[in-house]
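As a plain string of letters, each chain reads:
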Amino acid sequence: MLRGLDHIVVAVNDLDAAGRSYEALGFTVTPENRHPWGTANRLIQLDGFFIELLSVAEPDLITETVGRQFSFGAFNQTFLAKREGASMLVMDSRDAGADRQDFEKAGLSLFDPFSFERVAHLPDGSTANVAFDLTLLKDPLSPGIGYFTCHNKYPENFWKPAFQSHINGAKAIKSIYLIAEDPSDHHEFLGGFTGQREMRATSLGLEVETARGRISVLNPAAYRALVGEPAAEALQGDLPQLAAIEIGTDAADRTGVFPATGLHGLTVTLSAEQS
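Residues numbered from 1 in each chain as written. Predicted model: local features only at pLDDT ≥ 70, side-chain atom pairs only at ≥ 80, totals over all residues. Heavy atoms only, no water.

*Asks:* How should I be thinking about the overall build of the chain in this particular structure?
*Replies:* Helices and strands together make up the secondary structure of the chain, namely seven helices and 16 strands. In terms of overall dimensions, the chain is globule-like: its C-alpha atoms have a radius of gyration of 17 Å, near the 19 Å expected for 275 residues. Taken over the C-alpha atoms alone, the chain extends approximately 45 × 45 × 35 Å along its principal axes. Classification of the 275 residues of the chain by burial places 55% in the buried group. Counted over contacts in the chain with a minimum sequence separation of 6, partners at least 24 positions apart contribute 65%. Of the side chains in the chain, 22 bear a positive and 36 a negative charge, and the two mean positions are spaced by 2 Å. (Helix = DSSP H or I, 4+ residues; strand = E, 2+ residues; numbered from the N terminus. Rg over C-alpha atoms; globule rule 2.2 N^0.38 Å. Buried < 20%, exposed > 50% of the residue type's maximum accessible area, 1.4 Å probe, protein only. Contact = heavy atoms within 4.5 Å. Lys, Arg positive; Asp, Glu negative; His and termini not counted. Charge placed at Lys NZ, Arg CZ, Asp CG, Glu CD.)

*Asks:* So what exactly am I meant to see when it comes to unusual backbone geometry here?
*Replies:* Leave glycine aside and you will find that most residues have negative phi; peptide bonds, for their part, are mostly trans. Of note, the bond from Leu239 into Pro240 is cis; its omega dihedral lies within 30 degrees of zero at 0 degrees. Positionally, Pro240 belongs in the loop between helix H7 (229-233) and strand E14 (241-249). Positive phi, normally seen in glycine, also occurs at His264, with a value near 55 degrees. For His264, the position within the fold is in the loop between strand E15 (256-258) and strand E16 (267-272).

*Asks:* Help me understand the pairing of strand E12 (residues 205-209) in this model?
*Replies:* For a regular strand, the rule is simple: side chains alternate between the two faces of the sheet. Sheet topology places strand E11 (residues 200-201) next to E12; two bridges connect them, and they run antiparallel. Paired with Arg200 across the bridge in E12 is Glu207. With five bridges joining them, E12 and strand E13 (residues 214-218) adopt antiparallel strand pairing. Counted as the bridge partner of Gly205 is Leu218 from E13. (Pairing = 2+ DSSP bridges.)

*Asks:* Looking at this structure, I do not really get the nonpolar core. What am I missing?
*Replies:* Generally speaking, soluble globular proteins have nonpolar side chains that are buried together. Among the nonpolar cores identified, the biggest contains 44 residues, and Ile247 and Val268 are the most heavily contacted of them. Looking at which element gives the most residues to this core, the answer is strand E10 (residues 170-179), with four residues. Beyond its immediate stretch of four places on either side in the chain, Val268 contacts Tyr22, Leu25, Phe27, Ile245, Ile247, Gly256, Val257, Phe258 and Leu263. (Core = buried A, V, L, I, M, F, W, Y, C linked by side-chain atoms within 4.5 Å.)

*Asks:* How should I be thinking about the side chain of Thr269 in this particular structure?
*Replies:* By the secondary structure assignment, Thr269 is in strand E16. On the basis of relative accessible area, Thr269 is assigned to the buried category, the value being 14%. When near neighbours in sequence (up to four residues on either side) are disregarded, Thr269 contacts Ile245, Glu246, Ile247, Gly256 and Val257.

*Asks:* Would you mind showing me how to read the pattern of salt bridges here?
*Replies:* In a structure, side chains of opposite charge can pair up when their charged atoms sit close to one another. Summed over the entire model, instances satisfying the criterion amount to 17 salt bridges. Here Glu23 ties to Arg42 by a salt bridge, and the two come within 3.5 Å at their closest N and O atoms. In this pair, Glu23 is assigned in helix H1 (residues 15-24) and Arg42 in strand E3 (residues 39-45), connecting sequence segments 19 residues apart. On the basis of relative accessibility, which here comes to 36%, the residue Glu23 falls in the partly exposed class. In this structure, Glu207 and Arg200 form a salt bridge, with 3.5 Å as the shortest nitrogen-oxygen distance. Salt bridges here are not isolated pairs; linked through shared partners, they connect Arg3, Asp99 and Asp102. (Salt bridge = Lys/Arg side-chain N within 4 Å of Asp/Glu carboxyl O.)

*Asks:* Help me out: how do you make sense of H1 in this one?
*Replies:* A turn of α-helix holds 3.6 residues, and therefore any two residues three or four places apart point the same way. Residues Leu15, Ala17, Ala18, Gly19, Ser21 and Tyr22 constitute the buried set of H1. Against E3, strand E4 (50-56) and E16 lie the buried residues of H1. The distance from a side-chain oxygen at the start of H1 to the backbone nitrogen of Asp16 is 3.2 Å, and the residue carrying that oxygen is Asp14. In the segment just after H1, Gly26 is the residue with positive phi, at about 100 degrees. (Polar contact = N/O pair within 3.5 Å; in protein donor to acceptor, adjacent residues only side chain to side chain.)

*Asks:* Please clarify how the side chain of Ser216 should be interpreted in this entry.
*Replies:* In this structure, Ser216 sits in strand E13. Excluding anything up to four places from it in sequence, Ser216 contacts Ile176, Tyr177, Leu178, Leu206 and Glu207.

*Asks:* Please explain helix H2 (residues 72-80) as it appears in this structure.
*Replies:* With seven of nine residues buried, H2 lies mostly within the body of the structure. Listing the buried residues of H2 in full gives Phe72, Gly73, Ala74, Phe75, Asn76, Phe79 and Leu80. Where H2 is buried, its residues contact strand E1 (5-11), E3, E4, strand E5 (85-92) and strand E9 (146-152).

*Asks:* Sorry, what's going on with the environment of Thr135 here?
*Replies:* Within the secondary structure layout, Thr135 lies in strand E8 (residues 127-138). Remark: the alpha-carbon pair of Thr135 and Thr78, spanning 57 residues in sequence, is separated by 20 Å. Among residues more than four places away in sequence, those in contact with Thr135 are Ala96, Asp99, Arg100, Phe103, Leu110, Tyr147, Phe148 and Thr149.

Have a look at this one:
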C-alpha cells in the first residue's frame, strides 16, 4: 500500500513561542490542544499534511516506554533533553490493521497498537472530538526519529479551511529532508514504511516519492548545497535526523529558505507551486 506524508512532529520547549515564530513566517497556527499523556500541540494545516508543534505540558503524566508499549510523551521528552526539532515522521493511513500486516511482512519492528481521542479547538471557538489509530515502529538505523502511520477517524472534525489559509500562500508539502551519513542505508526501512519500493538513488542521496510529497535522504554535503550555508550551519545533533521541509506557496514574494535557528530546530523552505 502506497502511503503519503501525513505530518511531521516538531518538539519545542515553548509552544507559544514556537507558534509565534511560525505565525511571523506567515502561517496560521491552531489553538493549543492537550493530550492525556502530558503533551500539548499546535498545528499548521496544509492540503492533507500538517506540522505538529509539540511540547511537554504536564511532565507528571508522562510514562516511560515499556517493552512494546510506546510512550509518545517520553520519546519527545527525551528528544527535547538534547535539542528542539523534528522528532517524528508520520505517514497517512486508511487502515491501521493493514499497515500492521504490511510492516510485519516487510520485517519492520513494531510497537503495540495505539489509539486515542482528544478535543479539537475549531476556528469558530467551538470544540469537536477527533480520534486516531497509530501504528508505531522503529528503525534501528535512526533511533532518534520516531515513525508511525496515522489513521484519522474523524477527518471532518480535524481539517478546517480557516486553518489551511496562510498569509504566506503555503499550500502543500513538497519534500521532507532526512540527513544521513550514508543515505543508501535507509532504503529498506523507508521502502517498507512508505510502501514505495521504487526509489531514485544518486551520488548525493535517495529520493522516495510518496502518495503525498517526497522524502529526500541526503548526505551533509548535499544538504549544504541545497539549503545554503546559514541553514546548513543550523544543523545540530546526531545523524540521521529530520532537518527540513519544503512547502509549496502561491505567493512568489514569500519564497526562500528559513533556517532552523529561527524556527525551533526545523528549516523551512517555501518554494513556488508549479502552475
